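# Structure at a glance
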Amino acid sequence: MLPGNIKLEIRTNNFPTENAFKVLDADGKVIAKDSFTVANKTHSYTLNLNGCYKLIVYDYGLDGLNWWANTAQGAGAVRLRNASTNAILKTFIADFGSYFEYSFTSNFGLSTTSQSLDYAITIYPNPANGQFTIE
């Protein structure tokens, strides 16, 4: 869970036209997106959020923003900050290939009311490998 007021920071690498991002809400609606043309520049986006979201960061060069085997691309980065305090909340690994997704909630925690079951549930086998049975 993240605060409702966050800053998304993306530093492009030497090939900025390969870099892009979008933020989607729970309904799949794009609430923020951008692509880039300036190399080695940090772009900052302040987002006021309340709900469930997904951040997707792309690299169309298929080698992330910073890959050890392609030092010519430079060093890009992605991080989330608290917009009120500027504290770093999350720094993402820049060696991600073509894209990464990060799902999060903002300004509230996911919860459920306590359920009292008057019957037993059995799940097997445990451990399972792709298939299991619930009784």
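So, a few notes on the structure that sits alongside this text.

Parameters and conventions
Residues numbered from 1 in each chain as written. Predicted model: local features only at pLDDT ≥ 70, side-chain atom pairs only at ≥ 80, totals over all residues. Heavy atoms only, no water. Helix = DSSP H or I, 4+ residues; strand = E, 2+ residues; numbered from the N terminus. Rg over C-alpha atoms; globule rule 2.2 N^0.38 Å. Buried < 20%, exposed > 50% of the residue type's maximum accessible area, 1.4 Å probe, protein only. Contact = heavy atoms within 4.5 Å. Areas by Shrake-Rupley, 256 points an atom, 1.4 Å probe, with all protein chains shown as cover. Lys, Arg positive; Asp, Glu negative; His and termini not counted. Charge placed at Lys NZ, Arg CZ, Asp CG, Glu CD. Pairing = 2+ DSSP bridges. Axes fitted to C-alpha atoms, helices over the stretch in contact; angles between N-to-C directions. Polar contact = N/O pair within 3.5 Å; in protein donor to acceptor, adjacent residues only side chain to side chain.

We now examine the overall build of the chain. Helices and strands together make up the secondary structure of the chain, namely 0 helices and 10 strands. Over its C-alpha atoms the chain spans a radius of gyration of 19 Å, topping by over 25% the 14 Å that the globule rule assigns to 135 residues. Seen through its principal axes, the chain has C-alpha atoms that stretch 60 × 35 × 25 Å. Across the 135 residues in the chain, those meeting the buried criterion constitute 34%. Sequence-distant contacts in the chain: of pairs separated by 6 or more residues, those separated by 24 or more amount to 67%. About 8500 Å² of surface is accessible on the chain, with carbon and sulfur atoms providing 50% of the total. The chain carries 10 positive and 11 negative side-chain charges, and their two centres are separated by 12 Å.

Attention now moves to the sheet that holds strand β7 (residues 88-91). Read from one edge of the open sheet, 4 strands run β4-β1-β6-β7, paired in antiparallel fashion. Looking at the sheet topology across the chains shown, the edges are occupied by β4 (42-48) and β7. Ignoring strand direction, the axes of neighbouring strands in this sheet form an average angle of 20 degrees. Bridge analysis of strand β1 (residues 5-11) against β4 gives 7 bridges, and the strand direction is antiparallel. In the sheet register, isoleucine 10 faces β4, and the bridge partner there is histidine 43.

With that out of the way, let us pick up the side chain of serine 106. Relative to the helices and strands, serine 106 is located in strand β8 (residues 99-106). Taking the relative accessible area as the measure of exposure, serine 106 reaches 0% and is therefore buried. Among the polar contacts made by the side chain of serine 106, one reaches the main-chain carbonyl oxygen of proline 3 at a distance of 2.7 Å. Discounting residues that sit within four places of it in the chain, serine 106 has contacts with Leu2, Pro3, Gly4, Leu49, Asn50, Gly51 and Tyr53.

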